[in-house]
Amino acid sequence: MQKMENMNDENNIADHRSVRTYFVDEAGDPNLFARRGRIIVGTEGCSRHFILGMLDIQEPHRLAKACEELREQLMRDPYFKGIPSMQADNRKTATAFHAKDDLPEVRREVFALLRRHEMRFYAVIRDKSVAVDYVRQRNQREPDYRYQPNELYDELVSMLFAGHLHEEDAYLVCFAQRGSSTRNAALAAALKSSRDEFNRKTGMAYAARIDVTVRFPGQLAELQAVDYFLWALQRLYEKGEGRYVEYLWPAFRLVNAIDEVRGEGRGVEYTQKRPLIAAVYTEKPGI
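Okay, so let's go over this structure. Not measured: the values here are computed from a predicted model.

1. Quick look at the overall build of the protein chain
Next, step 1: Tallying secondary structure elements over the protein chain gives eight helices and seven strands in all.
Next, step 2: Considering the protein chain as a whole, with its 287 residues, one finds that 47% of them fall into the buried category.
Next, step 3: When contacts within the protein chain are restricted to residue pairs at least 6 apart in sequence, long-range pairs at least 24 apart make up 71% of them.
Next, step 4: Summed over all atoms, the accessible surface of the protein chain reaches about 14900 Å², with 46% contributed by carbon and sulfur.

What follows is the structure in structure tokens.
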């Protein structure tokens, strides 16, 4: 069974007095168009929202150990004997937790585990129909402009990390691998842009070191935990099913729904003081 990697020595930043590690993954996808500009948002296989989430975990090694122990326990349980997703050759639950692939019984155990660990979750949500409108308007101004999905991803990275890169001596940001391309430089630039914007707004000059690494979720329990938070949020926004978000809500710190309309303004921030639960969701306009 695959062992979790140790993130402490990544990029030789252990000599810094204070290092914070963040873990980032996505739900949905940033795709808006198919060939010849056909809009695919909301069609079969294409989500209506794109969500980027970040997890700040108090004791990541305790979480990794607990996930490994839980998976071993489930693999020994005769209740799951013969289940395809629990077979090592299928490289699903037997290798790593992934909410979409895990059985409901497995998800219940993972959700319960996450509630026992101290962590803080942050997310940014983009309504992709609004992004389509933006692309159309920009094309009218700039006929040669062509939308690239990485634009949306990088934009949300900058928004997600606003105010999260100024308290420590150094930061290590671990992104879940997307496809086969390596975009460490672009991701680092998006993080720097977020910090520069924070400096501009506050009049400060924070310059902590920021290192970027990319890992497959199967390598790190922390990324698997992010996946579960994102799956819960996606179930709410795509299917109106809020019980998973409500169950994990104690760990939520901010959900920035940047395209949601309230009154005359656009953009709603959900926090512990302004909870995002199913009852509130059904009343929200603009979704």
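2. Comments concerning the packing of helix 4 (residues 149-160) against helix 5 (residues 184-202)
Next, step 1: Here helix 4 crosses helix 5 at 40°, and the two axes come no closer than 8 Å. With respect to each other, helix 4 and helix 5 are oriented oblique. Crossing of helix 4 against helix 5: the hand is right-handed. For the pair formed by helix 4 and helix 5, the contact residues are Tyr153, Asp154, Val157 and Ser158 on the first element and Ala186, Leu187, Ala190, Leu191, Ser193 and Ser194 on the second.
Next, step 2: Considering only residue class, the contact of helix 4 with helix 5 consists of six nonpolar, three polar and one charged.

3. Quick word on the sheet that holds strand 2 (residues 49-57)
Next, step 1: Pairing within the open sheet is mixed, and its seven strands lie in the order 5-4-1-2-3-6-7. The two strands at the open ends of the sheet, each matched to only one other strand, are strand 5 (209-215) and strand 7 (265-270). The sheet shows a mean angle of 20° between the axes of neighbouring strands, direction not considered.
Next, step 2: In this sheet, strand 3 (residues 119-127) lies alongside strand 2 in antiparallel orientation, the contact comprising nine bridges. Paired with Leu55 across the strands is Phe121, a residue of strand 3.
Next, step 3: Sitting on the sheet, helix 5 is in contact with strand 4 (170-176) and strand 5, with an inclination near 140° to strand 5.

4. Overview of the pairing of strand 4
Next, step 1: Counting buried positions over the seven residues of strand 4 gives seven, a clear majority of the element.
Next, step 2: On strand 4, burial covers both faces: Ala170, Leu172, Cys174 and Ala176 on one face and Tyr171, Val173 and Phe175 on the other are all buried.
Next, step 3: With six bridges connecting them, strand 1 (residues 19-27) and strand 4 associate as parallel partners. Opposite Tyr22, over in strand 4, you have Val173 as the bridge partner.
Next, step 4: Pairing of strand 4 with strand 5 involves seven bridges; the strand directions are parallel. Its bridge partner lying in strand 5, Leu172 is registered against Asp211.

5. Some remarks on the nonpolar core
The nonpolar side chains of a soluble globular protein tend to be buried with one another.
Next, step 1: Within the largest apolar cluster, 50 residues are counted, with the highest numbers of intra-cluster contacts made by Leu114, Phe121, Phe229, Leu233 and Phe252.
Next, step 2: The greatest single-element share of this core, amounting to twelve residues, is contributed by helix 6 (residues 221-239).
Next, step 3: Not counting chain neighbours up to four residues away, the residues in contact with Phe229 comprise Leu55, Leu114, Met119, Phe121, Leu248, Ala251 and Phe252.
Next, step 4: Counting 31 residues, the second-largest nonpolar core is a separate cluster that includes Met54, Val132, Tyr171 and Ala190.

6. Considerations on the packing of helix 1 (residues 60-76) against helix 2 (residues 104-115)
Next, step 1: At a minimum axis distance of 11 Å, the contact between helix 1 and helix 2 shows a crossing angle of 155°. On the basis of their axis angle, the class for helix 1 and helix 2 is roughly antiparallel. Every pair of crossing elements has a handedness; the one defined by helix 1 and helix 2 is right-handed. Along its contact with helix 1, which presents Leu63, Ala66, Cys67, Leu70 and Leu74, the element helix 2 presents Val106, Glu109, Val110, Leu113 and Leu114.
Next, step 2: Across the contact of helix 1 with helix 2, the residue classes break down as nine nonpolar, no polar and one charged.

7. A short note on the environment of Arg20
Next, step 1: Tracing the chain through its elements places Arg20 in strand 1.
Next, step 2: When near neighbours in sequence (up to four residues on either side) are disregarded, Arg20 contacts Asp56, Glu167, Glu168, Ala170, Tyr171 and Leu172.

8. Topic: the side chain of Ser47
Next, step 1: Positionally, Ser47 belongs in the loop between strand 1 and strand 2.
Next, step 2: Residue class for Ser47 comes out buried when judged on its relative accessible area of 10%.
Next, step 3: Only 3.5 Å separates the side chain of Ser47 from the backbone nitrogen of Asp29, close enough to count as a polar contact.
Next, step 4: Residues within four places of Ser47 in sequence aside, it is in contact with Gly28, Asp29, Val41, Gly42, Lys128 and Glu238.

9. What about helix 6?
Next, step 1: Across its 19 residues, helix 6 extends 26 Å between first and last C-alpha, which sits within 8% of the 27 Å expected from 1.5 Å per residue.
Next, step 2: Among the 19 residues that make up helix 6, 15 are buried, leaving the element largely enclosed by the rest of the structure.
Next, step 3: Just past helix 6, the residue Gly240 takes up positive phi, approximately 70°.

Definitions and limits used
- Residues numbered from 1 in each chain as written.
- Predicted model: local features only at pLDDT ≥ 70, side-chain atom pairs only at ≥ 80, totals over all residues.
- Heavy atoms only, no water.
- Helix = DSSP H or I, 4+ residues; strand = E, 2+ residues; numbered from the N terminus.
- Buried < 20%, exposed > 50% of the residue type's maximum accessible area, 1.4 Å probe, protein only.
- Contact = heavy atoms within 4.5 Å.
- Areas by Shrake-Rupley, 256 points an atom, 1.4 Å probe, with all protein chains shown as cover.
- Axes fitted to C-alpha atoms, helices over the stretch in contact; angles between N-to-C directions.
- Parallel < 35°, antiparallel > 145°, perpendicular 65-115°, else oblique.
- Left-handed = near helix turned anticlockwise from the far one by under 90°.
- Nonpolar A, V, L, I, M, F, W, Y, C, P; charged D, E, K, R; others polar.
- Pairing = 2+ DSSP bridges.
- Core = buried A, V, L, I, M, F, W, Y, C linked by side-chain atoms within 4.5 Å.
- Polar contact = N/O pair within 3.5 Å; in protein donor to acceptor, adjacent residues only side chain to side chain.
- Expected span 1.5 Å × (residues − 1).

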